[in-house]
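This is what each chain is made of:
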Amino acid sequence: MTNTRPDYQNVDDVPLTRLHLDPENPRHDPIHDEDRIIAQLFGAEKTLAVAKDIAQKGAISPLDRIGVIEMEGNPGHYIVVEGNRRACALKVLHDPQKAPNTTIRNSIESLRVSENIPNRVPVVVFRDRETAAPWLKLRHLGEQDGAGTRKWGPAAKDRSALGTTPNRLAVAVLDRAEIAGWIDQAMRKDISVTTMTRYLSNPLIRAALGLGSSSELKFTHAPTEVDVSLQNFVNDALGQNGANTVLSSRSKKDDIDAYARALHQRGVAPHTTLSAPIDAPAPQKVATTKIQRNPRSPDKRPYIVQSSFVVKHQDKNLRRILKELQTIDPDSHIFSANYLVRAAVERIIVLYALRHGFHKSGTPDHHLVKQCHEHLKNNGVPANQLKFMRMAESNKDAPYSLDTLGSAVHGAHLPTRKGLIEVWDNWETSLHIMLDRM
């Protein structure tokens, strides 16, 4: 078969004997002796691995034609401009005496070269080197803003082998987590797929997560509830739910069984059973609240809270606190501003706890922050959106904790405009999320 274009044509079944290795191959300095080219390609370019692969498969990849140009003064013969390693491997497979040394020759002979090794190959014949050059650059000069060959990352490699890999279900869970916004690519790299697979191969774990298959993402419970359990499972794989919930590669069966029971005890296992397992529906992507930042540096921003922070909640106290924070001059009233920042954060936390039924009078501030943080996390909010809230509940001395803000009233520290703005900006995402869920 021949497929012709003005600058190149595809030609099938060209005899290997008519292909000649390129003396101007960019892989090495110009070499005008084929034996030396073969030695270079086998020595520095790992061509023995190519030969082993061809011998094992009995073919070269059907996805890649060898690129050639006609040999000047030798009609019907071609110089290989793309695919020199493949052409070199084929030549030596058919004639082991061409191998550059005894060790490689013995390796080639041990492959038991047979008639399965092709002696005719499909090629694309370019008009000349200049015509071939842009296609060679597209193939070999990296991604080139996406136009060139883009290498697969670890996740893509896992997905490419889904038909056979034992990690199939773990990869599907991580794909869902990334699509839904529970994790990003950087966080995904920190997760051990094989460790997740060890847990997911346990039927008690799958039952506790609401999964009905060992290889596919099948839901046995209400999808929103399953997503809560899966998000907690992924966070545990990241080590973000506390030391007692981290998935361990060294866990034994009893440990994994105990983890399954703990999912129920923590209240994150789904409870609304479906009549029959279903294919996992598209996940609800977590909306990330985009905060409009003032382009000026924090110490020059006129007010602690910007007018873009809009509250729809009807609590009069909260609305009055925020109105004052959006109008008070922190330079003239720094302690008042500090008090109002603390009051706004505390009020939103209390309102959230009241709305979801776990507020108790007299609960210490950092305990209430912890309860709100746990409730948000267990109900689908990604850990990266709760970073500062988590730090505020775990460290009472953090500059943005309610305890630290409260200590200013007693003279324990002197608040500043820039410091209060940084405190507010660190809290703002968590506050938005809580307000949106009331």
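Residue numbers here run from 1 along each chain, matching the order of that chain's written sequence. Note on the predicted model: pLDDT of at least 70 is required for a residue's local features to be given, and 80 or more for side-chain atom pairs to be given and counted; whole-chain, interface and lining totals, by contrast, use all residues. With hydrogens and water stripped out, all remaining heavy atoms of the structure feed into the side-chain values.

Looking at the nonpolar core
Moving on, step 1. Working definition of a nonpolar core: buried Ala, Val, Leu, Ile, Met, Phe, Trp, Tyr and Cys residues. They are joined through side-chain atoms within 4.5 Å. Each residue gets one of three labels from its accessible area relative to the maximum for its type: buried under 20%, exposed over 50%, partly exposed in between, using a 1.4 Å probe on protein chains only. Ranked by size, the top nonpolar core spans 44 residues in total, and within it Ile-304, Ile-349, Trp-424, Trp-427 and Met-434 carry the most contacts.
Moving on, step 2. Runs of E in the DSSP output that reach at least two residues are strands. Runs of H or I that reach at least four are helices, and both are numbered from the N terminus. Of all elements in the fold, only α13 (316–325), α14 (334–355), α15 (365–378), α16 (387–394), α17 (402–407) and α18 (417–436) reach the threshold of two or more residues within this core.
Moving on, step 3. The element best represented in this core is α14, accounting for 13 residues.
Moving on, step 4. Residues count as neighbours in contact if any of their non-hydrogen atoms are within 4.5 Å of one another. Those residues within four positions of Trp-427 in sequence are excluded, and the remaining contacts are Val-345, Ile-349, Val-369, Met-389, Ala-392 and Tyr-400.
Moving on, step 5. Membership of the second largest hydrophobic core comes to 33 residues, among which are Leu-169, Leu-174, Phe-233 and Tyr-259.

A closer look at the environment of Glu-393
Moving on, step 1. On the secondary structure map, Glu-393 appears in helix α16.
Moving on, step 2. Of the residues examined, Glu-393 reaches a relative accessible area of 13% and is grouped as buried.
Moving on, step 3. C-alpha of Glu-393 to C-alpha of Asp-365: the two residues are 28 residues apart in sequence and 8.5 Å apart in space.

Focus on the confidence of the model for the chain
Moving on, step 1. Mean pLDDT for the chain: 84, with 88% of residues reaching 70 or above.
Moving on, step 2. Across residues 288–296, confidence stays below pLDDT 50; counting only partners more than four residues off in sequence or on other chains, it has 14 contacts. Residue-level confidence of the predictor, termed pLDDT, takes values from 0 up to 100.

A word on the pattern of salt bridges
Moving on, step 1. Throughout this description, the term salt bridge denotes a Lys or Arg side-chain nitrogen within 4 Å of a carboxyl oxygen of Asp or Glu. For the coordinates displayed, the defined rule picks out 22 salt bridges.
Moving on, step 2. Note that Asp-257 and Lys-253 form a salt bridge whose closest N and O atoms lie 2.8 Å from each other. With Asp-257 and Lys-253 both in helix α12 (residues 253–265) and four residues apart, this pair spans about one turn of that helix.
Moving on, step 3. A relative accessible area of 56% places Lys-253 in the exposed class.
Moving on, step 4. Here the salt bridges share partners, and the residues they tie into one network are Asp-64, Glu-82, Arg-86 and Arg-139.

Side note on the packing of aromatic side chains
Moving on, step 1. The rule is short: rings of Phe, Tyr and Trp, with Trp giving its six-membered ring, pair when the centres are within 6.5 Å, and they are stacked under 30 degrees, edge-to-face over 60, tilted in between. The final tally for this structure, using the stated rule, is five aromatic pairs.
Moving on, step 2. Here the aromatic rings of Tyr-8 and Trp-135 are separated by 6.1 Å at their centres, their planes lie at 80°, and the arrangement is edge-to-face. On the criterion of sequence distance, the pair formed by Tyr-8 in strand β2 (residues 8–15) and Trp-135 in helix α5 (residues 129–140) is long-range, its members being 127 residues apart.
Moving on, step 3. Measuring from centroid to centroid gives 6.3 Å for Phe-233 and Tyr-259, while their planes differ by 50°, and the two rings are tilted. Note that Phe-233 is positioned in helix α11 (residues 223–238) and Tyr-259 in helix α12, a separation of 26 residues in sequence.
Moving on, step 4. Residue classification places Phe-233 among the buried positions, given a relative accessible area of 0%.
Moving on, step 5. Tyr-259 gets classed as buried once you look at its relative accessible area, which sits at 7%.

Remarks on the environment of Trp-135
Moving on, step 1. The exposure class assigned to Trp-135 is partly exposed, which follows from its relative accessible area of 42%.
Moving on, step 2. For Trp-135, the contacting residues outside a window of four places in its chain are Tyr-8 and Phe-126.

Here we look at the packing of helix α7 (residues 168–180) against helix α9 (residues 193–200)
Moving on, step 1. Close contact between α7 and α9 brings their axes to 8 Å; oriented N to C, the two are set at 110°. Compared by their axis directions, α7 and α9 come out roughly perpendicular. Once α7 is placed against α9, the crossing between them reads as right-handed. Along its contact with α7, which presents Leu-169, Ala-170, Val-171, Val-173 and Leu-174, the element α9 presents Val-193, Met-196, Thr-197 and Leu-200. Where helices are involved, their axes are fitted lines through C-alpha atoms of the stretch in contact, as for all axes, and angles between N-to-C directions lie from 0 to 180°. Angle categories: roughly parallel below 35 degrees, roughly antiparallel above 145, roughly perpendicular from 65 to 115, and oblique for all the rest. With the far helix as reference, a near helix turned anticlockwise by less than a right angle produces a left-handed crossing, and one turned clockwise produces a right-handed crossing.

Digging into the pairing of strand β4 (residues 66–70)
Moving on, step 1. Extensive coverage of β4 is indicated by the burial of four of its five residues.
Moving on, step 2. The pairing of β4 with strand β6 (residues 120–126) spans four bridges and is classified as parallel. Along β6, the bridge assignment pairs Val-68 with Val-125. Being paired, for any two strands, means DSSP has found at least two bridges between them.

Some thoughts on α11
For an α-helix the count is 3.6 residues per turn, leaving residues at separations of three or four pointing the same way.
Moving on, step 1. Taking 1.5 Å per residue, 16 residues should reach 22 Å; α11 reaches 22 Å between its end C-alpha atoms and fits that length.
Moving on, step 2. Taking burial as the measure, the 16 residues of α11 include 14 buried ones, the bulk of the element.
Moving on, step 3. Gly-239 occupies a position one or two residues after α11 and carries a positive phi of about 75°. What a helix is expected to span follows from its residue count: subtract one and scale by 1.5 Å.

Digging into unusual backbone geometry
Moving on, step 1. A positive phi angle is found at Asp-13, which is not glycine, with a value near 60°.
Moving on, step 2. Mapping Asp-13 onto the fold places it in strand β2.
Moving on, step 3. Positive phi, normally seen in glycine, also occurs at Lys-46, with a value near 55°.
Moving on, step 4. Relative to the helices and strands, Lys-46 is located in the loop between α1 (34–44) and α2 (47–57).
Moving on, step 5. Residue class for Lys-46 comes out exposed when judged on its relative accessible area of 65%.

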